[in-house]
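One letter stands for each residue in the lines below.
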Amino acid sequence: MSERPGQADQLGIPAPPAENFLAYLRAFGPGIVVALSWVGTGDLIDNSVAGGNYGYALLWVLPLSLVFRFVFVNALGKYPLYNVQQDPSIVRGIARAHPAFGWLMLVSFVIYTHILLAFTLSGVGVALEGLFGGLPSFWWSVIGALSVFAVTLKGAYRLIERIFKVVLAVMVLTFVVGIVLVGINWGELVKGFAFELPPQQGLFDSGLVASSLVLATLGSMANLFYPEFLREKGWVTPAHRKVQQYDLLFGTVVVLFLAVAVWAIGAEVLFGKQGVSEAGDIAGALGEAVGPLGPYIFYLGLLGAAWTTVAGSLFALGKMVVESLHVVRPRRRERYGSAITKDPVYRWMILWGLLAVVWSLPHAPGFVALVVVSHVLTSPFLLLIVIALIVMLNRTDIMGRYTNSWKENVGLGLVAVFVAIAAVQGIGKALGEMF
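Under an unreviewed UniProt entry, the protein has the name Mn2+/Fe2+ NRAMP family transporter and belongs to Pseudonocardia kunmingensis. Recorded in UniProt for the protein, the comment headed Subcellular location (unreviewed entry) runs: "Membrane".

If you want it as structure tokens, here you go:
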């Protein structure tokens, strides 16, 4: 069985649940947290607009992209459970592939934290303004940032998980109500899962839109969050593999449900309308379709997506930055120990991320520079991460007898190909925006 006997008992880690559905459901957590960290402002707006442009015709892209994401993230989740080096963190595992990865992760995570929160904090402000009014969206963004600060400062995972479970319940209820009010053409929805490429609508060919949706899912640095949430949950032994896989599968289904719900609402409300691309346009169209409750449905869903992305991402990235720093500066780990939040850098990272609220100011510069940095930085970095993951999961000195099977290597090889394409597209898009 385990090559780390007794570790779970030594760390005070709870035993895996009994093998029945309710026991597993009660144990789930990391999959829910990472799912809501994945579903952000851009996802809701992009899926709504995609439904508006193409109806249900490209709906099949969502489950396809999530299958590849599951393969990738499940491979990431394997490391903290099976490595014989007793590394609870994927950051340390990646650094074992080559020492340069420590510095690469440190720099990348610091920059990405600010970039990601620049986009998502503005989404929190837009959602709160749409729900309550009374203040400009910037000040609502500040209020949202303060709430995230209060939740993440101490780095308490259990609090994050409990809040996310409540938010998930509210989001599911919100979109179910939205679907009921809008009315869904279930026959067309089912047909949307056929592999159909409709004629071009708008600026981009439907094939390009489909590939971009898949590549955006695989090319997200948020995929790296899941092993961090496993560590925080205490699932770091082979005995937790089954519950980990079910947990990730549940989180993936959550993402699929939310994405399909938003896409379907967009297909019913926005299909055939021109010039609808922003949150206010979508909320207004939903209001016209179902009445005064429509905008509140959209903004409540948007708030849940944006706030959880900010909180979950900041929590994970703050700890991953500290872990990367401890990799390149081992004496710092000796000074502060294994408790990440004892290192002052964690609190500084919380502040650094939330300072991105300044990008929500009315006269702040546009996001072009941030977008360029994001594309140039994240896609090539993720390609290196996938390659490092393949290397470390096949090394017996790291994984012992739990090295990858040929099927797992084929799956990761396909992910590497898609991420490589995403890297090329990302750099090309960045250069296009610069010139």
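Asker: Explanation requested: helix 7 (residues 100–132) in the structure shown.
Answerer: For an α-helix the count is 3.6 residues per turn, leaving residues at separations of three or four pointing the same way. For helix 7, built from 33 residues, the straight-helix expectation of 48 Å at 1.5 Å per residue is met to within 8% by its first-to-last C-alpha distance of 48 Å. The largest bend along helix 7 measures about 30° and falls at Ala118. Gly133 sits one or two residues past helix 7 and shows a positive phi near 60°.

Asker: What is the right way to look at the nonpolar core in this model?
Answerer: Looking at soluble globular proteins, one finds that nonpolar side chains tend to be buried together. In terms of nonpolar packing, the biggest core is built from 132 residues, with Phe109, Phe298, Leu354 and Leu389 touching the most fellow members. The dominant element in this core, judged by the number of residues it contributes, is helix 15 (residues 293–328), at 19 residues. For Phe298, the contacting residues outside a window of four places in its chain are Ile45, Ser48, Ala279, Ile282, Ala283 and Leu286.

Asker: Help me out: how do you make sense of empty space enclosed by the protein in this one?
Answerer: The gaps left among the atoms become clear once a water-sized probe is rolled over them. Tallied over the full model, the rule gives one cavity of 30 Å³ or more. By volume, the largest cavity amounts to about 50 Å³. Looking at the largest cavity, the residues that line it are Ser48, Phe175, Val262, Ile265, Ile282, Leu286, Ile297 and Phe298. Secondary-structure elements contributing two or more residues to the lining of the largest cavity are helix 13 (241–269), helix 14 (279–290) and helix 15. Here the lining of the largest cavity is composed, by residue class, of seven nonpolar, one polar and no charged.

Asker: I keep staring at the packing of helix 15 against helix 17 (residues 344–354) and nothing clicks. Help me out?
Answerer: In the contact formed by helix 15 and helix 17, the axes pass within 9 Å of each other and the chain directions differ by 135°. Overall, the two elements helix 15 and helix 17 adopt an arrangement that is oblique. The hand of the helix 15/helix 17 crossing is right-handed. In this structure, helix 15 uses Val310, Leu314, Phe315, Gly318, Lys319, Val321, Val322 and Leu325 to contact helix 17, whose residues at the interface are Val345, Tyr346, Met349, Ile350, Gly353 and Leu354. The class makeup of the residues in the contact of helix 15 with helix 17 is 11 nonpolar, two polar and one charged.

Asker: Is there a simple way to explain the pattern of salt bridges in this structure?
Answerer: Between side chains of opposite charge, a pair can form when the charged atoms approach closely. According to the stated counting rule, one finds 12 salt bridges in the structure shown. The closest approach of N and O atoms between Lys165 and Glu161, which form a salt bridge, is 3.2 Å. With Lys165 and Glu161 both in helix 9 (residues 157–182) and four residues apart, the pair spans about one turn of that helix. Salt-bridge contacts for Glu161 lead to Lys233; the nearest nitrogen and oxygen are separated by 3.1 Å.

How each quantity is defined
Residues numbered from 1 in each chain as written. Predicted model: local features only at pLDDT ≥ 70, side-chain atom pairs only at ≥ 80, totals over all residues. Heavy atoms only, no water. UniProt positions renumbered as here; feature names shortened; annotations may be inferred. Helix = DSSP H or I, 4+ residues; strand = E, 2+ residues; numbered from the N terminus. Expected span 1.5 Å × (residues − 1). Bend = angle between axes of the 7 residues up to and from the residue. Core = buried A, V, L, I, M, F, W, Y, C linked by side-chain atoms within 4.5 Å. Buried < 20%, exposed > 50% of the residue type's maximum accessible area, 1.4 Å probe, protein only. Contact = heavy atoms within 4.5 Å. 1 Å grid on protein atoms, 1.4 Å probe; cavity = no way out; pocket = protein on both sides within 12 Å on 5 of 7 lines; lining within 4 Å. Points joined across faces, edges and corners; volume = space filled by probe spheres on them. Nonpolar A, V, L, I, M, F, W, Y, C, P; charged D, E, K, R; others polar. Axes fitted to C-alpha atoms, helices over the stretch in contact; angles between N-to-C directions. Parallel < 35°, antiparallel > 145°, perpendicular 65-115°, else oblique. Left-handed = near helix turned anticlockwise from the far one by under 90°. Salt bridge = Lys/Arg side-chain N within 4 Å of Asp/Glu carboxyl O.

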